[in-house]
Amino acid sequence: NAGVTQTPKFRILKIGQSMTLQCTQDMNHNYMYWYRQDPGMGLKLIYYSVGAGITDKGEVPNGYNVSRSTTEDFPLRLELAAPSQTSVYFCATHAGTGTYEQYFGPGTRLTVT
Amino acid sequence: AQKVTQAQTEISVVEKEDVTLDCVYETRDTTYYLFWYKQPPSGELVFLIRRNSFDEQNEISGRYSWNFQKSTSSFNFTITASQVVDSAVYFCALPESPDKLIFGTGTRLQVFP
């Protein structure tokens, strides 16, 4: 099992460009999450999903969109990239059994210049 | 409201020293879980431990041990005989809801040879 995979690993965007960060899990978990981690900081929740077709905002959703058409995939869309979106983005999943430990992907390092 | 405080921003030790990372939390729940995650320099987030608030016994795993005290709302993490490979950022986390975790700001541990 690959667990949680994210692509790309690194990306440089120009201001105003758009892109989609991909996240795929093979753990058959219902819950999936997108976090951002700014330099020297903790994790902030952007969006999350409790199952296919269901998404909800986290702490910092502005400037992002998500969709969840399948259990496996949870892409994060950045529209009109801004320098403030320079960060490392982590996708995570958990089984939703009430035990709550989350399993993280390797992260995508995004720079907006 | 749920809150996790890791007051130690950065700790530096020399190899073989013992080191304790502090985590203090606030929760409205009577039963809850607490977590520790490790983020090594390579960047991925690794789940270390989950503890249930019912169980206040210390947990030991090799050189790692955790001290959970409900009376002081603390869940501290001790590394005995630290090694260079322990150098990482360590995050404490607490569920904000059945669907979401909140993370502390992390403690950066540097172990020098």
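Presented here is an overview of the structure given in this document. Quick caveat, the model's predicted, so the values are computed rather than measured.

Conventions and cut-offs
- Residues numbered from 1 in each chain as written.
- Chains lettered and ligands numbered in written order.
- Predicted model: local features only at pLDDT ≥ 70, side-chain atom pairs only at ≥ 80, totals over all residues.
- Heavy atoms only, no water.
- Disulfide = S-S within 2.5 Å.
- Helix = DSSP H or I, 4+ residues; strand = E, 2+ residues; numbered from the N terminus.
- Contact = heavy atoms within 4.5 Å.
- Buried area = accessible area lost by both parts, 1.4 Å probe.
- Salt bridge = Lys/Arg side-chain N within 4 Å of Asp/Glu carboxyl O.
- Polar contact = N/O pair within 3.5 Å; in protein donor to acceptor, adjacent residues only side chain to side chain.
- Nonpolar A, V, L, I, M, F, W, Y, C, P; charged D, E, K, R; others polar.
- Buried < 20%, exposed > 50% of the residue type's maximum accessible area, 1.4 Å probe, protein only.
- Phe/Tyr/Trp six-rings, centres within 6.5 Å; stacked < 30°, edge-to-face > 60°.
- Lys NZ or Arg CZ within 6 Å of the ring centre and 35° of its normal.
- Pairing = 2+ DSSP bridges.
- 1 Å grid on protein atoms, 1.4 Å probe; cavity = no way out; pocket = protein on both sides within 12 Å on 5 of 7 lines; lining within 4 Å.
- Points joined across faces, edges and corners; volume = space filled by probe spheres on them.

### So, the state of the cysteines
Residue and element names in this part refer to chain A. Here the structure, examined in full by the defined rule, presents 2 disulfides over all chains. Each sulfur of the disulfide joining Cys-23 and Cys-91 lies 1.8 Å from the other. Measuring the twist about the S-S bond at about -70 degrees, one finds the Cys-23-Cys-91 disulfide to be left-handed. Residue Cys-23 is located in strand E3 (residues 19-25), and its partner Cys-91 is located in strand E9 (residues 87-94); the two are separated by 68 residues in the primary sequence.

### Focus: the interface of chain A and chain B
Listed per partner, the contact involves 18 residues of chain A and 18 residues of chain B. With both chains or domains summed, chain A and chain B bury close to 1600 Å², and 60% of this area falls on carbon and sulfur atoms. One can count 1 salt bridge joining chain A with chain B. Between Glu-101 of chain A and Arg-50 of chain B there is a salt bridge, with its nearest N and O atoms 2.6 Å apart. In this assembly, chain A and chain B are joined by 3 residue pairs in polar contact (both at pLDDT 80 or more). When contributions to the side of chain A that touches chain B are tallied by element, the ones reaching two or more residues are strand E4 (31-37), strand E5 (43-51) and E9 of chain A. Taken together, the residues of the side of chain A that touches chain B break down into 11 nonpolar, 6 polar and 1 charged.

### Quick word on the environment of Val-13 of chain B
Residues and elements named next belong to chain B. You can see Val-13 is positioned in strand E2 (residues 10-14). For Val-13 and Asp-99, which are 86 residues apart along the polypeptide, the C-alpha to C-alpha distance reads 36 Å. With near-sequence residues (within four places) excluded, Val-13 lies in contact with Val-19, Ser-82, Leu-109, Gln-110, Val-111 and Phe-112.

### A few points about the side chain of Asp-86 of chain B
Residue and element names in this part refer to chain B. Looking at the element boundaries, Asp-86 is found in the loop between strand E9 (74-79) and strand E10 (88-97). Classification of Asp-86 as buried rests on a relative accessible area of 1%. For Asp-86, the contacting residues outside a window of four places in its chain are Lys-38, Arg-63, Tyr-64, Ile-79, Leu-109 and Val-111.

### Things to note about the packing of aromatic side chains
Two numbers describe a pair of aromatic rings. These are the distance of the centres and the angle of the planes. Evaluation of the coordinates by the stated rule reveals 22 aromatic pairs over all chains. Ring centres 6.3 Å apart and planes at 40 degrees place the aromatic pair Tyr-25 of chain B and Phe-68 of chain B in the tilted group. Taken together, the residues span a long stretch of sequence, with Tyr-25 of chain B in strand E4 (residues 24-26) and Phe-68 of chain B in strand E8 (residues 64-69) at a distance of 43 residues. Taken as a pair, Tyr-25 of chain B and Phe-68 of chain B share a single burial class, namely buried. Each ring, one from Phe-35 of chain B and one from Phe-47 of chain B, has its centre 6.3 Å from the other, and the planes form 55 degrees; the classification is tilted. In this pair, Phe-35 of chain B sits in strand E5 (residues 33-39) while Phe-47 of chain B sits in strand E6 (residues 46-52), placing the two residues 12 residues apart along the sequence. A residue is classified by how much of its surface remains accessible, and Phe-35 of chain B, at 0% relative accessible area, is buried. The class of Phe-47 of chain B is partly exposed, set by a relative accessible area of 26%. A network of ring pairs unites the aromatic residues Tyr-33, Tyr-35, Tyr-48, Phe-90 and Phe-104 of chain A together with Tyr-33, Phe-35, Tyr-37, Phe-47 and Phe-103 of chain B as a single cluster. The lysine or arginine in question, Arg-68 of chain A, covers the ring of Phe-74 of chain A, its NZ or CZ lying 5.9 Å from the ring centre.

### Digging into the pairing of strand E1 (residues 4-7) of chain A
All names here are of chain A. In E1, alternate side chains face the same way, and those of Val-4 and Gln-6 are buried while those of Thr-5 and Thr-7 on the opposite face are not. Both E1 and E3 contribute to a ladder of 4 bridges, which runs antiparallel. Bridge pairing in E3 links Gln-6 to Cys-23.

### Structural notes on the layout of surface pockets
The volume enclosed by the largest pocket comes to roughly 690 Å³. Surrounding the largest pocket, 35 residues form its lining, Gln-37 and Arg-109 of chain A together with Gln-39, Val-89 and Arg-108 of chain B being those nearest its centre. Contributing elements (two or more residues each) for the lining of the largest pocket: E9 and strand E11 (108-112) of chain A together with E10 and strand E12 (107-112) of chain B. Counted by class, the lining of the largest pocket contains 13 nonpolar, 17 polar and 5 charged residues. Estimates place the volume of the second largest pocket at around 270 Å³. Lining the second largest pocket we find 16 residues, and of these Leu-43, Lys-44 and Glu-59 of chain A together with Ile-102 and Phe-103 of chain B sit closest to its centre. Counting only elements with at least two residues in the lining of the second largest pocket, the list comes to E5 of chain A together with strand E11 (100-103) of chain B. Top element by residues in the lining of the second largest pocket is E11 of chain B. It accounts for 4 residues. For the lining of the second largest pocket, the class distribution of residues is 8 nonpolar, 4 polar and 4 charged.

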